[in-house]
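Per-entry structural report
The primary structure of each chain is shown beneath.
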Amino acid sequence: MTNKIKIFDTTLRDGEQAPGFSMDGGQKLRMARALSELGVDIIEAGFAVASPGDFEAVQTIAREITGTTICSLARCNPGDIRAAGDAIAPAKKSRLHVFIATSPLHREYKLKMSKDQVIEKAVAGITLALEYTDNVEFSCEDAIRTERDYLKTVVEAAIAAGATTINIPDTVGYTTPEEITDLFRFLTTEVDGAAGAVFSAHCHDDLGLAVANSLAAVRGGARQIECALNGIGERAGNCALEEVAMALRTRNDFYGLDTGINTQKISMASKMLASITGNPLARNKAIVGANAFAHESGIHQHGMLANRETYEIMKPEDIGLEPDNLVLGKHSGRAALKHRAEKLGFTLSDNQLQSVFVDFKTLADKKKEVFDADVEALILGEAIGGAGPWEIDSLYVSAGSQGNENPEATVCLNHEDGRTIGTSLKAGGPVNAVLLAMNKLTGHNLHLDSFSARSVTEGEDAMAEADIRVSANGESYNGRGTSTDTILATARAYLDVINRIERRAKRVGKGDSQHPIAAQH
Ligand code: KIV
Ligand code: ZN
């Protein structure tokens with residue numbers, strides 16, 4: 001058996017379909033580029049039949065990303081499979097992923113199908129998928145709660161029909177490490193034709209066991225792990241890519257298995273996803289949280305100074321964090337900025353470099369020293385921003401405690417159609433005044449659920465990052481903005497949400513209803 005584990009990334013499918021993580025086509029393409037640089041083997045780019053927007057995103061990724069296998073998900077029915085097949089058609093390397101539920105609960109209550117009917121549908125789906133690509137993956141949804149002997153029969157039929165990857169999902173995050181090792185051992189040794197297929201684990205994190213279960217599946221013979229950056233995905237999420245990749249690397253002595261992941265790109269890709277979706281990471285998140293390599297207590301610091309290995313099992317450099325945190329200043333040129341960006345894992349096009357450089361010069365004028373976190377914030381700001389239709393032209397706020405005066409915001413916005421509009425408004429607080437002014441100008445009536453702003457570096461002139469959560473028409477959205485000015489960062493985060501809503505409305509206007517079959521999953 002090979003000692004290479006394939007990494008099947010589902011950030012853009014299972015991850016993206018989770019509430020609060022939706023991305024538009026441009027954002028998905030940026031993430032796909034980062035995933036390809038990260039070295040994942042397969043990118044599941046979306047569920048092509050879900051909407052015209054999803055179809056277009058999969059197709060664009062299939063056209064643009066040439067070094068990685070691009071995959072689309074489909075249920076075992078002709079409409080889904082044709083949409084997925086057409087969407088992946090431009091890819092140099094493609095895969096079609098078909099699935100049907102096999103557990104008694106799903107058969108009886110969801111599908112209302114007999115055991116034989118499920119097998120028939122699976123075989124027909126695989127047969128049709130093979131008309132589009134010879135790389136077909138088959139998933140038995142809710143495999144973990146499926147009767148073992150029946151699961152074996154389904155998998156044998158799928159392999160006989162031509163599927164070359166067999167995915168055994170723990171759809172509801174129910175299994176345990178011991179149980180899943182045993183199941184994979186059973187399937188990889190007892191199934192007829194098992195030697196001709198790669199067995200894959202797809203674990204959800206409902207009991208916080210997704211990474212442990214994926215590693216345990218590998219012990220039982222799985223040679224593909226399905227995972228998502230930052231562990232995003234349905235409900236509690238999927239197996240976290242960065243955790244499983246670093247576990248296999250750090251404990252190579254135990255597993256003796258390799259992945260093709262370029263771990264030095266992990267920090268970059270993780271931060272880009274957090275920025276694009278507006279979902280900050282918990283400080284204590286394994287591998288990529290702000291505290292993952294921080295050593296605060298005296299005892300730990302003492303040990304670290306004597307020998308880093310006393311408290312560090314991985315080096316920050318392993319995931320692309322720079323230990324020297326070289327400082328740039330207003331005299332640093334384009335080449336120095338490009339070099340620093342590359343060290344941090346970001347490959348910038350000439351246009352991106354130019355635009356980040358302009359922001360960098362403005363920032364360097366305000367700050368004496370520009371740190372890595374500042375540079376990252378600028379690059380990520382570039383990655384999320386620029387997607388319009390609105391941008392802030394100017395913003396001025398007066399606040400304070402004199403008399404009974406309420407804080408007042410004067411906001412001016414540009415629209416991509418050429419309009420510039422402004423207004424002044426008073427409210428109980430300065431942030432409130434800014435957000436109400438933006439509602440008035442754009443005609444939205446968003447409700448601010450929560451916001452937080454924090455500095456990304458130290459000192460009085462630090463860059464601030466603001467994260468907000470707002471709701472509108474029963475849906476909730478996340479936004480993020482950066483600036484040296486906290487109120488401006490918050491305003492940018494708010495406008496980020498308004499822009500997302502307007503871009504989405506434009507897509508829906510073109511017939512893109514968001515994930516009509518997400519509940520299928
Ligand atoms: O969790 C699951 O079962 C899935 C399948 C569609 C692979 O995401
Ligand atoms: Zn899933």
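About the thresholds
Residues numbered from 1 in each chain as written. Chains lettered and ligands numbered in written order. Predicted model: local features only at pLDDT ≥ 70, side-chain atom pairs only at ≥ 80, totals over all residues. Heavy atoms only, no water. Helix = DSSP H or I, 4+ residues; strand = E, 2+ residues; numbered from the N terminus. Expected span 1.5 Å × (residues − 1). Buried < 20%, exposed > 50% of the residue type's maximum accessible area, 1.4 Å probe, protein only. Domains from an automatic or database assignment. Contact = heavy atoms within 4.5 Å. Buried area = accessible area lost by both parts, 1.4 Å probe. Salt bridge = Lys/Arg side-chain N within 4 Å of Asp/Glu carboxyl O. Polar contact = N/O pair within 3.5 Å; in protein donor to acceptor, adjacent residues only side chain to side chain. Pairing = 2+ DSSP bridges. Axes fitted to C-alpha atoms, helices over the stretch in contact; angles between N-to-C directions. Donors = N, O, S within 2.8 Å, 3.2 Å for Na, K, Ca; no water. Phe/Tyr/Trp six-rings, centres within 6.5 Å; stacked < 30°, edge-to-face > 60°. Lys NZ or Arg CZ within 6 Å of the ring centre and 35° of its normal.

Moving on to helix α12 (residues 266-277). End to end, α12 covers 17 Å across twelve residues, agreeing with the expected 16 Å (1.5 Å per residue, within 8%). Counted residue by residue, α12 has eleven buried out of twelve residues, so it is predominantly covered. Looking only at α12, the buried set comprises Ile266, Ser267, Met268, Ala269, Ser270, Met272, Leu273, Ala274, Ser275, Ile276 and Thr277. In the stretch just after α12, Gly278 is the one whose phi turns positive, near 70°.

Considered domain by domain, the protein is made up of domain 1 (6-277), domain 2 (293-323) and domain 3 (385-509). At the junction of the two partners, domain 1 supplies eight residues and domain 3 supplies five residues. Counting each side, the surface lost to burial between domain 1 and domain 3 is near 640 Å², with a carbon and sulfur contribution of 27%. Counting the surface domain 1 buries against domain 3, the share from its top three residues, Gly20, Asp24 and Ser275, is 47%. At the junction of domain 1 with domain 3, the criterion picks out zero salt bridges. For the pair domain 1 and domain 3, the interface holds two residue pairs in polar contact (both at pLDDT 80 or more). Looking at the side of domain 1 that touches domain 3, the element that brings in the most residues is α12, giving four residues.

Our focus in this paragraph is the sheet that holds strand β2 (residues 42-46). Pairing is parallel around the closed barrel formed by eight strands, whose spatial order is β1-β2-β3-β4-β5-β6-β7-β8. When the angles between neighbouring strand axes are averaged without regard to direction, this sheet yields 25°. With three bridges connecting them, strand β5 (residues 136-141) and strand β6 (residues 165-170) associate as parallel partners. Paired with Ser139 across the strands is Asn167, a residue of β6. Sheet strands touched by helix α2 (residues 25-38): β1 (6-9) and β2. Its angle to β2, the strand with the most contacts, is close to 170°. Contacts from helix α8 (residues 177-190) reach β6 and β7 (198-203) within the one sheet, and its direction differs from that of β7 by about 155°.

As a further point, take the coordination of the zinc ion (ligand 2). Those donors, Asp14 (OD), His202 (NE2) and His204 (NE2), are the protein atoms that reach the zinc ion (ligand 2), and they lie 2.0 to 2.1 Å from it. Spacing between the donor residues of the zinc ion (ligand 2) along their common chain follows D-x187-H-x1-H. A residue pair is termed long-range when its members are at least 10 positions apart, and Asp14 in helix α1 (residues 11-15) and His202 in strand β7 qualify at 188 residues. In terms of burial, Asp14 and His202 fall into one category: buried.

What follows covers the packing of aromatic side chains. For the coordinates displayed, the defined rule picks out three aromatic pairs. Taking NZ or CZ as reference, Arg107 lies 4.8 Å from the ring centre of Tyr150, over its face.

A word on the pattern of salt bridges. Scanning all chains against the criterion turns up 27 salt bridges. Put simply, Asp182 and Arg148 hold a salt bridge, and the shortest N to O gap is 3.0 Å. Residue Asp182 is located in helix α8, and its partner Arg148 is located in helix α7 (residues 148-161); the two are separated by 34 residues in the primary sequence. Overlapping salt bridges, with partners in common, bring together Arg13, Asp14 and Glu44 in one network.

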